[in-house]
Every structure is written in C-alpha cells, then in structure tokens.
Number of protein chains: 2
Amino acid sequence: MKKITIKDVAQEAGVSTATISRVLNNTGYVSEGARRTILETIERLNYRPNAIARSLKQDRSRMVGIVLPDMTNPYFMKLSRSLQKRLRQSGLHGMFMDTYGDPDMELEALNGLMMMRVEAVVLAGTGRNVPAIRKMVRGSGIPFVLVDRKLPGVAADLAAEENEAAAHEAAAELAQRHEAIGILAGPDWISTARERLDGAAAALREAGVALPASYVFAGDLTRESGREGILTFLQLPKPPTAVFSVNNEMTFGLYLGLREAGKALDSIEVASFGDLEFSGLFGHRLSIVEQCPDEVGQAAAELLIRRLAHAEKGEGTESRTFVPTLVRKW
Amino acid sequence: MKKITIKDVAQEAGVSTATISRVLNNTGYVSEGARRTILETIERLNYRPNAIARSLKQDRSRMVGIVLPDMTNPYFMKLSRSLQKRLRQSGLHGMFMDTYGDPDMELEALNGLMMMRVEAVVLAGTGRNVPAIRKMVRGSGIPFVLVDRKLPGVAADLAAEENEAAAHEAAAELAQRHEAIGILAGPDWISTARERLDGAAAALREAGVALPASYVFAGDLTRESGREGILTFLQLPKPPTAVFSVNNEMTFGLYLGLREAGKALDSIEVASFGDLEFSGLFGHRLSIVEQCPDEVGQAAAELLIRRLAHAEKGEGTESRTFVPTLVRKW
DNA sequence: TTGTAAGCGTTATCAA
DNA sequence: TTGATAACGCTTACAA
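All values reported here derive from a predicted model rather than from experimental measurement.

Quick notes on the rules
The residue numbering used here restarts from 1 in each chain and proceeds along that chain's sequence as written. Written order decides the labels, with chains lettered from A and ligands numbered from 1. Since the coordinates come from a predicted model, pLDDT governs what is reported: local features require at least 70, and pairs of side-chain atoms require 80 or more to be given and counted, while whole-chain, interface and lining totals use all residues. Processing note: side-chain calculations cover all non-hydrogen atoms of the structure and skip hydrogens and water entirely. Every helix listed is a DSSP run of H or I at least four residues long, and every strand listed is a run of E at least two residues long, numbered separately from the N terminus. Just to be clear, the radius of gyration here is over C-alpha atoms, and the globule rule we use is 2.2 Å times residues to the power 0.38. When a residue's accessible area, from a 1.4 Å probe over protein chains only, is under 20% of the maximum for its type it is buried; when over 50% it is exposed; and in between it is partly exposed. Any two residues whose heavy atoms approach within 4.5 Å at even a single point are treated as in contact. Reported accessibility uses the Shrake-Rupley method at a 1.4 Å probe radius. Residues are deemed covered only where the shown protein chains occlude them. Lys and Arg are tallied as positive, Asp and Glu as negative. Neither His nor the chain termini are counted. The atom standing in for a charge is NZ when the residue is Lys, CZ when it is Arg, CG when it is Asp and CD when it is Glu. Note on definitions. A residue lies near a molecule or strand when any single heavy atom of the residue is within 4 Å of it. Polar contacts, as used here, are pairs of N or O atoms within 3.5 Å; protein pairs need one atom able to donate a hydrogen and one able to accept it. Residues neighboring in sequence count only if both atoms are side-chain atoms. Aromatic pairs are defined between Phe, Tyr and Trp rings, using the six-membered ring for Trp, whenever the two ring centres lie within 6.5 Å; interplanar angles under 30 degrees are classed as stacked, those over 60 as edge-to-face, and all others as tilted. Placement of a charge over a ring requires the Lys NZ or Arg CZ to be within 6 Å of the ring centre, with the centre-to-atom vector within 35 degrees of the ring normal. The salt bridge criterion pairs a side-chain nitrogen of Lys or Arg with a carboxyl oxygen of Asp or Glu, the two atoms within 4 Å. UniProt positions are given in the numbering used here, feature names are shortened, and annotations may be inferred rather than shown by experiment. Every axis in this analysis is a line fitted to C-alpha atoms, fitted for helices over the stretch in contact. Angles between the N-to-C directions lie between 0 and 180 degrees. Roughly parallel means an angle under 35 degrees; roughly antiparallel means over 145; roughly perpendicular covers 65 to 115; every other angle is labelled oblique. Two helices crossing with the near one rotated counterclockwise from the far one by less than a right angle form a left-handed crossing, whereas a clockwise rotation gives a right-handed crossing. When residues are grouped by polarity, Ala, Val, Leu, Ile, Met, Phe, Trp, Tyr, Cys and Pro land in nonpolar, Asp, Glu, Lys and Arg in charged, and all others, Gly among them, in polar. The start and end points of each domain follow an automatic or database-based domain assignment. As used here, buried area is the combined drop in accessible area, with a 1.4 Å probe, of two parts when they are placed together. By the convention used here, strands pair only if DSSP detects at least 2 bridges between them. What makes a nonpolar core is a set of buried Ala, Val, Leu, Ile, Met, Phe, Trp, Tyr and Cys residues whose side-chain atoms join them at distances within 4.5 Å.

(A) The arrangement of the overall build of chain A in detail. Along its length, chain A carries 13 helices and 12 strands. Computed over the C-alpha atoms, the radius of gyration of chain A is 26 Å, more than 25% above the 20 Å expected from 2.2 N^0.38 for a compact globule of 330 residues. Dimensions of chain A, computed from C-alpha atoms along their principal axes, come out at roughly 90 × 40 × 30 Å. The buried share among the 330 residues of chain A stands at 52%. Sequence-distant contacts in chain A: of pairs separated by 6 or more residues, those separated by 24 or more amount to 69%. Put simply, chain A shows about 14,700 Å² of open surface, and 51% of that area lies on carbon and sulfur atoms. Where the 40 positive side-chain charges of chain A centre and where its 41 negative ones centre are 7 Å apart.

This is the structure in structure tokens:
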C-alpha cells in the first residue's frame, strides 16, 4: 500500500524522472523504446501522477470554483452541468460550493477557493457581499464570471437571462384580462428578483393597471414565502384575480397556499418566472417564463475559457452575455 | 498582482517562515507579540496560505470525491448537501463528479480523483464498472462509501435505503384492489431498481396476483422510458389497472404518457418509489414511497469520518447503514 | 520561543 | 535523446 511516485517508476524502468515526466506530458524527445518501457512500467505499477505536486510546480490548479446559493435547485444544477461539461473539455474541474444563500458561508467559500488557488470563479451570489467580492475580484488576479445574478459594481463577466423583458411580457399578458394583479416579489438585493419585479410593474403601469403596495408581497424566493404571499393576498378586502410570481418556488408555494385556503388551483390566473415540473400536466391558467440554464452555463463557460486564454494580455473590459427567455402561454 | 507567499510575510514581519507556519496552524509556541505582528502582516498583505503546497507537504488533500450519475437530480443533490455539510465540519471539501450514468465517464472521474489524491470517495455507481472499481478500492488504500446503490463484491461501506421492503409494502397496497398490475422497472444492474422490482414482484406473488412478462416494462429510469412504458401497457389487450413505478422520473413519464394517450391522470392507480413534487397538490390515486436523501447523506458522512479516523488501524470489515423509507398513501 | 533546512512529488532548465 | 538538479510553497524535525 506504499504510495508509488515518479521515482519508483524511474527506478523500475531504469531511466530518470525527467524522462518519465516527458512521456507523461508528451513534451520533449523520448525514444520509442524508452517510451514503451515506461508506459509498461506505469501500467504495471499502477502509477498515477500526483496532481497536487503537479499543480504546485506548474502553478496551475486546473480547478474552477463554482459558488451557488442552492445545489438542490435544479435550475442551478442544470446550469452547472453544461458549464462543467465545457470546462472538462479544457481540462478543468469544477469545485462546487453551496452557500445556502448565506453571506457568511459565501465569504467562507470564496476564501477557501482562493486558498485552493482555483484558476477562476463562477458565482451566483447572495447579493450581500458586494464590497468584499469587489475587493476579491481586484486582488485575486483571476477571472470571475457572474451567472444568473448581477452584482452591482463588480467588474466581472456575466451570463444571465433577460429578466426584465420576459417579466414585462408575462405581466402584460395578465394585464389584458385582469385589473387586480398581485406580485410575489423577492429580495431587493437579488438582481433577478428585482429585475423581474421592475419588468412586471412597468408592464402593469403601461397597461393602466394599478399596483397598490398591498398587491406586492416581499418574499424571499422560497416556497414558504410564496405560500405566505398568497394567503396574505387572500386576506385582502379585494384579493387579486391574477398573480405574477418572480420564481418557481414561490409559485409552488402559491399553489400550496391556495389549497390550504380551500381554493381551487385555477381560481386565480398565474404567471410564473421559472417552470414548474407539473405545468405541462395540469397547467391551467398558468403562464410560464421558461428559463435556459443550459445556455447560461454554456455562455459562462465560454466567457471563462476566453478570459483564461487571454489572461496574460491584461484584463480588458468585462463582457456580458444575455440569453433570451421564452414566454410560454398555457 | 505578484503572488504573495509565506516568505513575503516572514520578511515583512521580520521572522522566519517557521514561525508564520506556527501561528497559521496553532502549533508550537509563539510569543504573543510575534503572533500579533504576524497576524497583522498577513492581514495587511492579504496573504492566503497555498492549500496546494500544504496538501503536498502534509500528504492530505482534505478533499473527498463525490461521484454521481446525475447532478441535476434533486435526490442526489439533497443527499450530497447533507453529506457535504457534515464533511465541512471535519474540514473536508467535496469534489463533485457527474458521470451522466455513463461507465466510461465514471472511470474517468474516478481516475481523476485518484490523481487528485482525494482522501475518500463517495460513489453512487453506474453498476457497470464493478471489476475496475473493486480493483481501485483494493489498490487505492482510501475508503470508499457507496451511497444509494450497491455494487456486488465491492468491499466498501454503504449507506442506502430499504428498497425491497418499501417496494413490497407499496405493491401490496395495490394488490389489495387490483388484479392487473404493471411494473415500470429499471436496469437490472442498478441495485435500487432491481431491489424495488424484486420487492414489488414478491408482494404480488404473495397476494396471488399474476405478473405476466408483458406487465413488466424494462425502462432505464428516465422520464422518456416511463412514457414509453405506459404507452406500451396501454396497447395491451388487457392493460393494467394499476402501475408500480420504481422511480419518480418514470412515474412522471407515466403521467406524460397518459396525457398523450388522452387518458385521465387518475384513470389508473399508481404507486411510485420516490416523490413527485406535485403529489401533494393533485395527487389522486397515487401512493408514494418517500425517500430520505438527507439521512442517507448523513449516514454516508458518518461512515466516512469514522473510516478516516481509524485509517491507521487497518481496514476492518465494511459497515452498511440502511435508512427506512416511509410509504405514504394518498 | 525561534530559526535552519530538509523534504513532499512534480516539472523544467541546463548540460551532456 | 537523456540525466542532474533546482525550484514550487509549505510543514516539521532538530538545533539553538
């Protein structure tokens, strides 16, 4: 069980470690004979080069940090999957960190990644660490790519969705048939939530639909707060007849709340940013803004790879890729 | 942007690198004065110790490989989350690898992890690399913990669910009311699928319900194959009036298929292993075997930590933790 | 309480 | 075409 190193292989094969290294990395000249013996010895000893030593020597970890608020959320994992797929093609590995949406854990995760000397960071932030992250982006010398969520004043590439336009379109749809429209909103510091609220509110305004404060519920993107939101709306003297929800979890909570209140699931019309699995199955009176996690992940990967390739050429200005979303009417 | 090392800190603080190291690791004696200057210098230079160098020197990567067939599957990610949470408490980081259920990618992932010198591996296998994995477990000298899925003949700890008993219970329930029961099964080499099929088949046998070959559809656990399965059943001269499905994705496909065939979603009674998000919302004539990813993940973590702690004391025999599942009737 | 220096397993430079 | 050998950034005996 003794761990076997390049020296053991060298000894067994009767060559120097330098030669082993050359065949391992296809670098420099190696005679065909030597190459064969070496490969055979490697196989026989079941030798695997130590990536840690290699990283140290080459000053390249070949790792990319991926920092997410919720790894059980399929949206982020679909995004990560397409990202990781592209990274692998470039010989990079993703190091995933789950922040649980908590600012302290986010900072801890980022610090850990800096110590691991990741070559880049992909971040869907909590929105609550902007100054620290800005400093880190400046000081680290590695590229950051923001995904899904923007962070104001952070000079990094971005891959995200067209939140405002899509929310506008979906809310405008509701406005054609309703005069009392509620909005399940999210925290102000999460850019996606804010943009979707802004887009929807603008649509209502343009359609001449009033939006009293009591029709905007400030939730936190969780199922539970969606439930609270609809229950709150239902208490109102004149409850909304339609609701726009800024994310799918809150939409789900909305339905839980309706059921809890003994209302039919189609007793109100709903437009939701983000899909619900069952929408195709039962979806009545439900419009969906379909998101494109795969495209966002791929875009992020492209930005990353490009940035890594041009690392030496100095920073340049940051790029932003927006992927269009699709509004699907039921 | 020059990268700053322990030497820079030593120079700035006017001490040796050894002393820096001592305060960094809280090891050995350091005068209070020195400690303060050093911490201040670290702060000022914004120094972060290089985890790679540390790993190399200490021969401890503090990383655990986590190999999964599908990172977009919430079941596996819930499992991973509780696993990771516990790992972090022990100063370990998870290195996630998605195999897409593909044996070649699985091997590639495992090889990569061995090169990274992970201290342990948590694996939900494809079931198609048993000999190679057995060899790796023997040769690597690091603990493996299998999660969710067993691998025959692989001497490793295991944390999994009570598949057979739960499937038995759920199918017995159906057998009380039906005589024509179909089963949406999975690949034979995935232990969970096989055990659930076995449990269900046994229940039917004991209840005296016939199970002709045409009532067992060999799917692959995907949504698409669930759809195919139900459509195939519906073609039968005498279609089943109830179906037991070995996982939630296939169950979802079943409903898609029903809808496609123009049948009402409650035109047949269904028992499903694994939850569907909407089951609480619409769930009629649907029984669920609720799984416990959190518990499995936690159990895996415990096994891992224990194994790591006793690493020097030789192997010992492998342990298996089974977490009980709950059958929820609608 | 502190410093010196040897290594951890590689890669890369320089000679041979 | 190959081999010595000096790093990479850290930890850790061992001395002082």
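(B) Spatial organisation of the protein's contact with DNA strand D. Near DNA strand D there are 25 residues, and of these Thr19 and Ser31 of chain A together with Ile6, Tyr47 and Lys57 of chain B occur at the shortest range. Backbone atoms, meaning sugar and phosphate, form 65% of the atoms of DNA strand D found within 4 Å of the protein. At 2.8 Å, a side-chain N or O of Lys57 of chain A approaches a base nitrogen of DNA strand D. A distance of 2.9 Å separates a phosphate oxygen of DNA strand D from a polar side-chain atom of Ser21 of chain B. For the surface near DNA strand D, the secondary-structure elements that each account for two or more residues are α2 (17–25) and α4 (51–58) of chain A together with α2 (17–25) and α4 (51–58) of chain B.

(C) Representation of the packing of aromatic side chains. As enumerated under the stated definition, the model contains eight aromatic pairs over all chains in all. Geometrically, the ring pair formed by Phe252 of chain B and Phe278 of chain B is edge-to-face, given 5.9 Å between the ring centres and 65° between the ring planes. Note that Phe252 of chain B is positioned in helix α11 (residues 248–260) and Phe278 of chain B in the loop between β9 (269–273) and α12 (279–282), a separation of 26 residues in sequence. Phe278 of chain B carries the same exposure label as Phe252 of chain B, and that label is buried. Three or more aromatic residues link up through ring pairs in this structure, and these residues are Phe252, Tyr255 and Phe278 of chain A together with Phe252, Tyr255 and Phe278 of chain B. Its guanidinium or amino end placed over the ring of Tyr100 of chain B, Arg81 of chain A lies 3.9 Å from that ring's centre, counting from NZ or CZ. Positioned above the aromatic ring of Trp189 of chain A, the side-chain terminus of Arg128 of chain A is 3.6 Å from the ring centre.

(D) Representation of the side chain of Glu161 of chain A within the structure. Residues and elements named next belong to chain A. Mapped onto the elements, Glu161 comes out in strand β5 (residues 157–161). Of the buried charged residues, Glu161 lacks a salt bridge, with Arg196 as the closest side chain of opposite charge at 6.1 Å. Polar side-chain contacts of Glu161 include one of 3.1 Å to the backbone nitrogen of Cys292.

(E) Layout of the UniProt feature "domain: HTH lacI-type" (unreviewed entry) in chain A. The UniProt feature table records "domain: HTH lacI-type" (unreviewed entry) at residues 4–58 of chain A. Across residues 4–58 of chain A, the secondary structure splits into 71% helix and 0% strand, with the terminal C-alpha atoms separated by 21 Å.

(F) Layout of the packing of helix α1 (residues 6–13) of chain A against helix α3 (residues 32–45) of chain A. Residues and elements named next belong to chain A. The geometry of α1 relative to α3 is characterised by a closest axis approach of 9 Å and an angle of 125° between their N-to-C directions. In terms of orientation, α1 lies oblique with respect to α3. Regarding α1 and α3, the two cross each other, and that crossing is right-handed. Residues Asp8, Val9, Glu12 and Ala13 of α1 form the contact with α3, whose participating residues are Ile38, Thr41, Ile42, Arg44 and Leu45. Broken down by class, the residue content of the contact of α1 with α3 amounts to five nonpolar, one polar and three charged.

(G) How the structure looks around the packing of α2 of chain B against helix α3 (residues 32–45) of chain B. Residue and element names in this part refer to chain B. Where α2 contacts α3, the two axes come as close as 10 Å, and the packing angle between them is 85°. As summarised for this structure, α2 and α3 are arranged roughly perpendicular, according to the angle between their axes. Contacts between α2 and α3 involve Thr19, Ile20, Val23 and Leu24 from the first element and Arg35, Ile38, Leu39 and Ile42 from the second.

(H) Examining the domain arrangement of chain A more closely. All names here are of chain A. Considered domain by domain, chain A is made up of domain 1 (6–49), domain 2 (60–161 + 294–322) and domain 3 (164–290). Using only C-alpha atoms to locate each centre, domain 2 and domain 3 end up separated by 30 Å. With six residues of domain 2 at the contact, the number on the domain 3 side is seven residues. Of the roughly 680 Å² buried between domain 2 and domain 3 on both sides combined, carbon and sulfur atoms contribute 44%. Among the residues of domain 2 in contact with domain 3, Arg128, Arg149 and Lys150 are the three that bury the most area, contributing 54% of the side total. Taken together, the links from domain 2 to domain 3 amount to one salt bridge.

(I) Spatial organisation of the sheet that holds strand β6 (residues 181–185) of chain A. All names here are of chain A. The six strands are arranged β7-β6-β8-β9-β10-β12 in an open sheet whose pairing can be described as mixed. Among the strands making up the open sheet, the edge pair consists of β7 (216–218) and β12 (326–328). On average, adjacent strands in this sheet sit at an angle of 15° to one another, irrespective of strand direction. In this sheet, strand β10 (residues 286–290) lies alongside strand β9 (residues 269–273) in parallel orientation, the contact comprising four bridges. If you follow Phe273 over to β10, its bridge partner there is Val289.

(J) The nonpolar core, seen in detail. Ranked by internal contacts, the top residues of the largest apolar core, which has 93 residues, are Phe244 and Tyr255 of chain A together with Phe244 and Tyr255 of chain B. Among residues more than four places away in sequence, those in contact with Phe244 of chain B are Ala167, Ala170, Leu174, Ile181, Gly182, Ile183, Leu184, Arg196, Ala200, Ala271 and Phe273 of chain B. Ranked by size, the runner-up nonpolar core spans 54 residues in total, among them Ile305 of chain A together with Leu79, Leu87 and Leu304 of chain B.

(K) Examining the sheet that holds strand β2 (residues 93–98) of chain A more closely. Residues and elements named next belong to chain A. Read across the sheet, six strands follow the order β2-β1-β3-β4-β5-β11 without closing on themselves; strand pairing throughout is parallel. Looking at which strands have only one partner, the edges of the open sheet turn out to be β2 and β11 (320–323). For this sheet the average axis-to-axis angle between neighbouring strands, irrespective of direction, equals 15°. Sheet analysis places strand β1 (residues 63–68) next to β2, joined by six bridges and oriented parallel. In the sheet register, Leu68 faces β2, and the bridge partner there is Asp98.

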